[in-house]
Amino acid sequence: MYTGIRFTIFKVVILIYQLIIITVRSIKYTCGDKILDLLLACVFGVLVGVFTGMVPGIHVNTVAAFVFSSSVYLMNYFSPEYLAVFLISLSISHSLIDFIPTMFLGVPDEGTALSVLPGHYLMLQGRGKEAIRLVTLGGFGSLMVTVTLLPIFIMLLPGFYSIIKPYIALILTFTAIYMVLRLNKGIYEIFWSSVIFIFSGIIGWASLNSTVSPNVLLLTIFSGFFGVSTLIYSLSQNSYLPYQHENHNLRVDGKIIRGIFAGGIAGTILGFLPGMGPAQGSILAQEMSGGGNMTEGRESFLVAMSGVNVSDALFSLITIYIIGNPRSGVAVFIDKLIQNFDLQILVMFVFVSVTAVSISVFFCISLGDFMIKNIHKLNYNKLSRGIIILMSALVIIFTLKEGSNLFYVIILYITSISLGLIPHYVGVNKSNLMGVLIVPAIVIYTGLV
C-alpha cells in the first residue's frame, strides 16, 4: 500500500513538472504580438461577459453561438486561438457577474437560481456588500482550487469516468432521493417537498419536449420558480429593503474555506459527468459546504454556488483534453475552433481563465458596490413591482424574438410562479424546485422514454 501511494505521488510530481515545462514553452510560443492579441481577446471577452451577466435574459451560449456562426468570416481577421480565448473569458466573466442581477433584482437562471435564497436574505439584513464579496471570493477561490488540483484530475478522472458512466441514471436517482430526505426533517415536509419536486419535474419534462426554445423555457421557468414568486411573497409580507451597511463584515473562517473547496470540487464534477446539471451541482455544493441547514450555512453556500458556476465554466472546457468530450455550449464551440487540443493549448487556456477571473473580480465588486450604494434610495415595494414587470416583459420579448408559442409560454410562466409560491407557504426549501432539471435527466438516462 505504501509503495502504491508513493508511486502515485511520484506521478503527480512528474506531471506537475511537465506542466511547468509546457507552461514555459507556451509563454515562449506566444511571445511577441501574439501574446498581446490574446491578452486583448481576454479583456474584450471579460467586458462582453460583464454585459451579458448584468443584462437579464442574455445567455452566454447565445453570444458563443453567434461568434461561432460568424467564425468563417471572423477568422479572416482573427486566429482560432483568439476567438477561443474570447469565448473562455466571456464564459468565466459571465459566470461571476451573473450573480449581481440574481441577488439585487431576483432574476435567476439555472446556474444561479438557488443563490437567490441566501443572497436575498443577506440583502434584507443590510449585508449586500458582504454578499458581493462572498460571491467574488467563491468564484475566484474555487477556480484556483480547480487549477491547483488539475494534475490530479487529469490523472484520475479518465479511469473514474469509464467506471461510473453506465450508472449515471442510478446516481441521479439517488441524488434526487437524498435531496428530498436531506433537506427535510418531518413527514409533513417530506410530503410537500416530494410533491413540489415531482410537479416541477413534470413541468421540466413537458417543457423540454416542447418546440419552445430552451433559452426561453429556462428564462420562463426559473423567473417564475425563484424570481417573481419570491418577490410576490415579499410584497405580501410587506417586506422592505433596509439600508445597506457601508462596511462589510466578511470573515474568512473555516466555513468559507470549506465553501470555496466545495465550489471547486462540485464545479469540477458538474463539468465532468454526463447528466450533471446546475441542479445536481447545487445539491452537491450545498451538502459539501455545510449549507444543508440554510439558517446557518448561508454564507458558505453562497460562496460554494459562485464557485460551482465559475469552476464549471473552466472544467467543462478541460474535459475536451481529458475525455475528448466538451460539457457546455461554449466548450463545444471551442472544440470545433481548435483542431489540435493538446496539453500546451490546455495550459494556455487555464492561464487565460485565471487572468479572466482576476479581472472579473474587479468588475464584480465595483458594480456590486455601485448598486448597493444606490439601491437603498429606491422604494422596495415599487422596485419589486418594477422587477416583476421587467421579468414578465423579458419573457414575452424573448418569446416573440425566438418565434415561440406565446400562449404556451404565458401559461408556463403563470404555472411556474404558482408552484414557486408553494414552498413559502408550506415552509419547505425551494431547492426542491430543481426537480425541473433532475427529473428529465433521470428519465433520459434510464431510457424510460
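Scope of this entry: the structure provided in the associated data block. Sequence order as written defines the numbering, with residues in each chain counted from 1. Local features in this predicted model are restricted to residues of pLDDT 70 or higher, and side-chain atom pairs are both shown and tallied only at a pLDDT of 80 or more, whereas totals for entire chains, interfaces and linings draw on every residue. Hydrogens and water molecules were not included; the side-chain quantities draw on all heavy atoms of the structure.

1. Comments concerning the overall build of the chain
- Going along the chain from the N terminus, every DSSP run of H or I of four or more residues is numbered as a helix, and every run of E of two or more is numbered as a strand. Helix and strand content of the chain: 20 helices and zero strands.
- Whether a residue is buried, partly exposed or exposed follows from its accessible area with a 1.4 Å probe, protein chains only, as a fraction of its type maximum: under 20%, in between, or over 50%, in that order. Split into buried and exposed, the 449 residues of the chain put 54% on the buried side.
- Here, two residues are considered to be in contact whenever any of their heavy atoms come within 4.5 Å of each other. For the chain, the share of sequence-separated contacts (at least 6 apart) that also reach a separation of at least 24 residues comes to 82%.
- Every accessible area reported is derived by Shrake-Rupley at a probe size of 1.4 Å, with residue values counting cover from the shown protein chains alone. Total accessible area computed for the chain in this model is approximately 19900 Å², and 68% of it derives from carbon and sulfur atoms.

2. With respect to a nonpolar patch on the surface
- Together, I35, L36, L39, L40, V43 and L47 line one region of the surface with nonpolar side chains, adding up to about 490 Å² of accessible area.
- Relative to the helices and strands, V43 is located in helix 2 (residues 33-54). Patch membership is restricted to residues that have no salt bridge and whose relative accessible area is over 30%. Joining uses 9 Å for like charges and 5 Å for the nonpolar side chains Val, Leu, Ile, Met, Phe, Trp and Tyr. Any Lys or Arg side-chain nitrogen located within 4 Å of an Asp or Glu carboxyl oxygen qualifies as a salt bridge.

3. Describing the environment of R298
- Residue placement: R298 occurs in helix 15 (residues 298-322).
- In this structure the C-alpha to C-alpha distance between R298 and P118, which are 180 residues apart in sequence, comes to 5.1 Å.
- Apart from residues lying up to four places away in sequence, R298 is in contact with P118 and Y121.

4. A few points about the packing of helix 5 (residues 80-97) against helix 15
- Orientation of helix 5 relative to helix 15, taken along the N-to-C sense of each, is 165°, at an axis distance of 8 Å. For the element pair helix 5 / helix 15, the angle class is roughly antiparallel. Note on packing geometry: the crossing formed by helix 5 with helix 15 is right-handed. Residue-level inspection shows I88, S91, I92, S95 and L96 of helix 5 in contact with helix 15, the latter providing S306, N309, V310, A313, L314 and L317. In this description, a line fitted to the C-alpha atoms serves as the axis of each element, helices being fitted only across the stretch in contact, and the angle between N-to-C directions of two axes falls anywhere from 0 to 180 degrees. Angles are sorted into four bins: roughly parallel if under 35 degrees, roughly antiparallel if over 145, roughly perpendicular if 65 to 115, and oblique for all others. Crossing handedness is read from the near helix: turned anticlockwise from the far helix by less than a right angle, it gives a left-handed crossing, and turned clockwise, a right-handed one.

5. Points about the packing of aromatic side chains
- Stacked, edge-to-face and tilted are the three classes for Phe, Tyr and Trp ring pairs, Trp counted by its six-membered ring, which pair at centre distances within 6.5 Å; planes under 30 degrees apart are stacked, over 60 edge-to-face, the rest tilted. The tally for this structure, following the rule as stated, stands at six aromatic pairs.
- Arranged with centres 5.4 Å apart and planes meeting at 85°, the rings of F153 and F315 form a pair that is edge-to-face. Of this pair, F153 sits in helix 9 (residues 150-164) while F315 sits in helix 15, and the two are 162 residues apart along the sequence.
- By relative accessible area, which is 14% here, F153 ends up buried.

6. Some words on the packing of helix 15 against helix 17 (residues 343-375)
- Two numbers describe how helix 15 lies on helix 17: the axes approach to 10 Å, and their chain directions differ by 170°. Here helix 17 runs roughly antiparallel to helix 15, going by the angle between their axes. Listed contacts from helix 17 to V310, L314, L317, I318 and Y321 of helix 15 are L343, L346, F349, S353 and V357.
- Just so you know the grouping, Ala, Val, Leu, Ile, Met, Phe, Trp, Tyr, Cys and Pro go in nonpolar, Asp, Glu, Lys and Arg go in charged, and all remaining residues, Gly too, go in polar. Grouping the constituent residues of the contact of helix 15 with helix 17 by class yields nine nonpolar, one polar and no charged.

7. With respect to the pattern of salt bridges
- Under the definition given, this model contains one salt bridge.
- The partner of D369 in a salt bridge is R133, with the nearest N and O atoms 2.7 Å apart. Placement of D369 in helix 17 and of R133 in helix 8 (residues 128-148) is noted, with a sequence separation of 236 residues between them. Take D369 and R133: they sit in the same class, and that class is buried.

8. What to know about the nonpolar core
- Grouping buried Ala, Val, Leu, Ile, Met, Phe, Trp, Tyr and Cys residues that are joined through side-chain atoms within 4.5 Å yields what is termed a nonpolar core. Counting residues in each nonpolar core, the largest one holds 115 residues, and the members touching the most others are L87, I92, F104, F225, I334, F341 and F349.
- Per-element tally for this core: the top contributor is helix 17, with 15 residues.
- With residues near it in sequence (within four places) discarded, F349 still touches A84, V85, I88, L317, I334, I338 and F341.

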